[in-house]
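# Structural description and commentary
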Amino acid sequence: MGMGKSWRCAFSSNFWTLRYILLCILYPLLCGGFVVTLLFGKSNSEKYLEQCEHSFLPCTSVGIPKCTEEMKREARPIKIDRRLTGANIIDEPLQQVIQFSLRDYVQYWYYTLSDDESFLLEIRQALQYALVQFSARSKETDWQPYFTTRLVDDFGTHLRVFRKAQQRIAEKGDQMKDQAEELVDTFFEVEVEMEKEVCRDLVCTSPKDEEGFLRDLCEVLLYILLPPGDFQNKIMRYFVREILSRGILLPLINQLSDPDYINQYVIWMIRDSNCNYEAFMNIIKLSDNIGELEAVKDKASEELQYLRSLDTAGDDINTIKNQINSLLYVIKVCDSRIQRLQSGKEIDTVKLAANFGKLCTVPLDHILVDNVALQFFMDYMQQTGGQAHLFFWMTVEGYRVTAQQQLEVLQSRQKDGKHQTNQTKGLLRAAAFGVYEQYLSEKASPRVNIDDNLVAKLAETLNHEDPTPEIFDDIQRKVYELMLRDERFYPSFKQNVLYVRMLAELDMLKDPSFRGSDDGEGESFNGSPTGSINLSLDDLPNVPSDDTVQLHAYISDTGVCNDHGKTYALYAITVHRRNPNSEETWKTYRRYSDFHDFHMRITEQFENLANILKLPGKKTFNNMDREFLEKRKKDLNAYLQLLLNPEMMKASPALAHYVYDFLENKAYSKGKGDFARKVPPLIQKTYSDPDHCRVAAPIDDNVDDNIPLRVMLLLMDEVFDLKERNQWLRRNIKNLLQQLIRATYGDTINRKIVDHVDWMTSPEQVADAVKRFRDAFWPNGILAETVPRRDKAIRMRTRVAGKTKLLEVMPDELKHIIGAETTRKGILRVFEMFQHTQLNKRMVYVFLERFLETLFPQNKFHELFNKLHSRSKQMQRYKQRLHSTQAPSLQKR
């Protein structure tokens, strides 16, 4: 056992010795092999990479060192062409605007991040490219329709919406709600009813939505004006968008919409007019704003305290006493007016004056010759059924004047050797017969009830003698006596509320703060005689009107003629008439003005045609283009075919006489003959627009195609609400404006307006506008600080001063034409419209939208704006109401 144990020990020791020897031999071999393999792989890899440098494979990226090397290189300069519009006088201030904008909106923070100017230069290059494209579009655009039609229509529509909103609030009569907030809500409610497709309430009332709208709009403009590569650069696009929307457009719109800024501008515009004490006191007595009254009262108290503190003697003391008394009176009036408004007890001065009975007396003969007074008497006579007597008296007045003029012309022509006696006498006879048939014959409706012997004597004279200017004088005197003495007419009129309203319009009420209610407003005439002197049907061509006569006509050709330097289009009408025994074909030539005169003539005689026949509208500019003439030829042909429809002739048998007269192969006699044209209809038939519709571009009367008359009549309609008034007054105003414009400018007025628009868009005027913009935002090259909002009292006193200035500058002639009270209400309505920031913003955005639609006619901006405003709450409510009203009818179907 001892030997076995020793053997095992010896074997174990030898094993570990052998293993140690093997490990010492193999370890160096393994390490050496690994090192040899690593060195061999590295050497082979380098050789392979050297071969790949010249192979088809792309070069490997060198990473951050390469980027660092590129950044260290000097940036290549970007060349910028400073030309923008092609006119140096405009480019210079525009470049300054761009420089100031980048400096104040980008550079001040960008340089804290980097001193590399390439980004700034790229932004500048993008802005300049956009301005170049904008300038090119502007030069290609015809701005005349925008300035002469669209701006006026949009302003008139805005005023109409405001007027309808005021009327709706007055009907509610809720004095507890915030009037300003309710007016804004009602305004946009009326807007969506009138526009149908769009409402701008969110943009005008929500600052967040307004900023979003301007961002979207600027992004669309950049898409149109910038190259595609620059537009796809989101960083630069967003920077430019923010500069335009929040840096330029938003501050500009806010300034233009600020009522205080507008009031100051109004005062500056009429700075040469001095305010008088009477106008100021009228504004105080008419004011319904407690803030205005308190501001005036506080200022008067301050001035009063200052005057009482003065130590004066001699003549100065009398002057100061007068000033103190005036200030005390102002304070008293303000206190009285404030108490009345706070109590909510507004006095109806019309009813008070009517019941009190102590009114001025205006004689009937004065009423009949005064336009303002006559309209109220006319309304009263319409109510009492005595309109035929008044219309007869007025028509005879017109007949007498015109007949005297015609006879004087006839005598002068006879002296010159020209003989037209029969023609003139025939016209006089036709006109006299027209007056007789319309008012005195048995067929007249309504008929003037007068002595039958006088009527019979007149008929005898008309049948056997040539009519004279004095032929109706006896009957006219009897009619005047009847209106003067009959208790139904003038005596009762003096006791009627319309008489008090008349005194107010004539400024003959003792209380200068008269404010009439809307009760008893005279209605416009409906179905009353026109008062015009019409030719008898017997004087028209004696053409058979039975069904056996077939008449066909079409415009076969059109051309442009030049007569004594005046260019006009002429349409050749081929007429074919078939009788049972014969056929006739001829050509006649008519101008568009002939069609227009004929259309006005038949729609006046046949009321039902006004809603059926629609004559193509007028066009002031470029109306001699071949493309336009072809389109008008097509439209006039459609008009003729509808007019000659057998069913149309059957519905109005007497229409055939007028149609045959128009299509005869002879020179067309406009109006109702030369004589009748000189006497305009005394009562024009009213084709009133619906309550909720935009202001239409064309004028519905027989008006010459001149821009000032259209603009003035449209604005007077909306400012003074003439369409709701007596239409005889509106007709007279139109005639007066027409004569005034012709006497002032002659027949070249349109040309002068075209020249004025060209002057407004000339480089000098555009440069002046850019300079004013630059100086307003960057006076002396420094960004203007935000002007602090002025104190409320100062703003209120500015309102009072602005209203006083406006009323003071109104000419007395306007008050004599439409009435003092109507003038005051109209001017104050316009002023009140500008006292609401949200409504002013709406008008600015409408002008901006029309501007872009005119500048980019191919880009469907109208549809774009409808989509941008589609989130309007008022629009959604309107669609819900519309759907709820249509649903029952659809269920019945």
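Residues numbered from 1 in each chain as written. Predicted model: local features only at pLDDT ≥ 70, side-chain atom pairs only at ≥ 80, totals over all residues. Heavy atoms only, no water.

### A few points about the overall build of the protein
Scanning the protein from terminus to terminus reveals 38 helices and three strands. Going through the 893 residues of the protein one by one, you find that 43% of them count as buried. Sequence-distant contacts in the protein: of pairs separated by 6 or more residues, those separated by 24 or more amount to 75%. (Helix = DSSP H or I, 4+ residues; strand = E, 2+ residues; numbered from the N terminus. Buried < 20%, exposed > 50% of the residue type's maximum accessible area, 1.4 Å probe, protein only. Contact = heavy atoms within 4.5 Å.)

### Points about the packing of aromatic side chains
With the rule as written, the count across this model stands at 31 aromatic pairs. Ring centres 6.2 Å apart and planes at 80° place the aromatic pair W109 and Y110 in the edge-to-face group. Judged by centre distance (4.6 Å) and plane angle (35°), the rings of F773 and F777 are tilted. Residue F773 and its partner F777 are both found in helix α32 (residues 763-777); the two are separated by four residues, about one turn of the helix. In textbook terms, an aromatic cluster arises when at least three aromatic residues are bridged by ring pairs, as seen for W109, Y110, Y111, F119 and F239. R590 extends its terminal NZ or CZ atom over the ring of F662, reaching a point 5.4 Å from the ring centre. For the cation-ring pair, R632 lies above Y592, with the distance from its terminal atom to the ring centre recorded as 3.8 Å. (Phe/Tyr/Trp six-rings, centres within 6.5 Å; stacked < 30°, edge-to-face > 60°. Lys NZ or Arg CZ within 6 Å of the ring centre and 35° of its normal.)

### Concerning a negative patch on the surface
A grouping of D115, D116, E117 and E122 is seen on the molecular surface, where their side chains present a negatively charged patch. Considering the arrangement of structural elements, one finds D116 in the loop between α3 (88-110) and α4 (118-140). (Patch = residues over 30% accessible without salt bridge, like charges linked within 9 Å, V, L, I, M, F, W, Y side chains within 5 Å. Areas by Shrake-Rupley, 256 points an atom, 1.4 Å probe, with all protein chains shown as cover. Salt bridge = Lys/Arg side-chain N within 4 Å of Asp/Glu carboxyl O. Lys, Arg positive; Asp, Glu negative; His and termini not counted. Charge placed at Lys NZ, Arg CZ, Asp CG, Glu CD.)

### Let's talk about the packing of helix α8 (residues 207-225) against helix α37 (residues 861-868)
Contact geometry for α8 and α37: axes closest at 11 Å, N-to-C directions at 150°. With respect to α37, the axis of α8 lies roughly antiparallel. Helix-helix and strand crossings are classified by hand; for α8 and α37 the assignment is right-handed. On α37, the residues touching F213, D216, L217, V220, L221 and I224 of α8 are F861, L864, F865 and L868. Across the contact of α8 with α37, the residue classes tally to nine nonpolar, no polar and one charged. (Axes fitted to C-alpha atoms, helices over the stretch in contact; angles between N-to-C directions. Parallel < 35°, antiparallel > 145°, perpendicular 65-115°, else oblique. Left-handed = near helix turned anticlockwise from the far one by under 90°. Nonpolar A, V, L, I, M, F, W, Y, C, P; charged D, E, K, R; others polar.)

### Structural notes on the nonpolar core
Counting 100 residues, the largest nonpolar core has F720 and I818 as the members making the most contacts within it. Residues L374, W393, Y499 and L503 belong to the second largest nonpolar core, which totals 49 residues. (Core = buried A, V, L, I, M, F, W, Y, C linked by side-chain atoms within 4.5 Å.)

### Digging into the packing of helix α23 (residues 497-505) against helix α35 (residues 820-833)
Two numbers describe how α23 lies on α35: the axes approach to 5 Å, and their chain directions differ by 70°. Comparing their axes, α35 and α23 come out roughly perpendicular. Between α23 and α35, the residues in contact are R501, A504 and E505 and A820, E821, T822, R824 and K825, respectively. Residues that form the contact of α23 with α35 fall into these classes: two nonpolar, one polar and five charged.

### Structural notes on helix α20 (residues 452-464)
If you check α20, its first and last C-alpha atoms are 19 Å apart, about what 13 residues at 1.5 Å a residue would give, namely 18 Å. For α20, the complete set of buried residues consists of L454, V455, L458, A459 and L462. Buried residues of α20, seen end-on, are gathered within an arc of 140° and therefore sit on one face of the element. The outward face of α20, more than 90 degrees from its buried face, is lined by the exposed residues N453, K457, N463 and H464. Regarding α20, its N-cap is D451, as a side-chain oxygen of that residue lies 3.1 Å from the backbone nitrogen of N453 further along. (Expected span 1.5 Å × (residues − 1). Arc of directions from axis to C-beta. Polar contact = N/O pair within 3.5 Å; in protein donor to acceptor, adjacent residues only side chain to side chain.)

### Description of the pattern of salt bridges
A full pass over the atoms with the stated rule returns 36 salt bridges. With a shortest N-O distance of 3.3 Å, D154 and R850 are connected by a salt bridge. Of this pair, D154 sits in helix α5 (residues 144-172) while R850 is found in helix α36 (residues 837-855), placing the two residues 696 residues apart along the sequence. The same class applies to D154 and to R850, which are both buried. Residues R168 and E193 are paired through a salt bridge, measuring 3.0 Å at the closest nitrogen-oxygen approach.

### Let's talk about a nonpolar patch on the surface
On the surface, L256, Y261, Y265, W268 and M269 cluster together to form a nonpolar patch covering roughly 510 Å² of accessible area. With four residues, helix α11 (residues 259-269) is the single largest residue contributor to the nonpolar patch. For Y265, the location among the structural elements is in helix α11. Exposure remark for Y265: the relative accessible area of 42% places this residue in the partly exposed category.

### Observations regarding unusual backbone geometry
Leaving glycine aside, a negative phi is the common case for residues, and trans is the common case for peptide bonds. Located in the positive-phi region is K196, a residue other than glycine, with phi close to 75°. One can find K196 in the loop between α6 (179-195) and α7 (201-205). When its relative accessible area of 43% is taken as the criterion, K196 is described as partly exposed. Phi is positive for K860, which is not a glycine, with a value near 55°. For K860, the location among the structural elements is in the loop between α36 and α37. Residue classification places K860 among the exposed positions, given a relative accessible area of 55%.

### Describing the environment of L839
Relative to the helices and strands, L839 is located in helix α36. With 655 residues separating them in the primary sequence, L839 and V184 have C-alpha atoms 7.1 Å apart. When near neighbours in sequence (up to four residues on either side) are disregarded, L839 contacts H158, F162, V184, F187, F188 and M833.

### What about the environment of A801?
Tracing the sequence through the fold places A801 in helix α33 (residues 792-809). On the accessibility criterion, A801 (28% relative accessible area) is partly exposed. A sequence separation of 518 residues divides A801 from I283, and the C-alpha atoms of the two residues are 9.1 Å apart.

### Some points on the environment of V266
For V266, the position within the fold is in helix α11. With residues up to four places along the chain from it excluded, the contact list for V266 reads G802 and L806.

### Quick look at the confidence of the model for the protein
Summarising the model, the protein shows a mean pLDDT of 76, and 72% of its residues fall at 70 or more. Ranking the elements of the protein by mean pLDDT puts helix α28 (residues 673-677) last, at 36, and α36 first, at 94. This stretch, residues 511-546, has a pLDDT under 50; its non-local contacts, to residues over four places away or in other chains, come to 100 contacts. In the model, residues 696-704 has pLDDT below 50 throughout and makes 29 contacts with residues more than four positions away in sequence or in other chains. (pLDDT = per-residue confidence, 0-100.)

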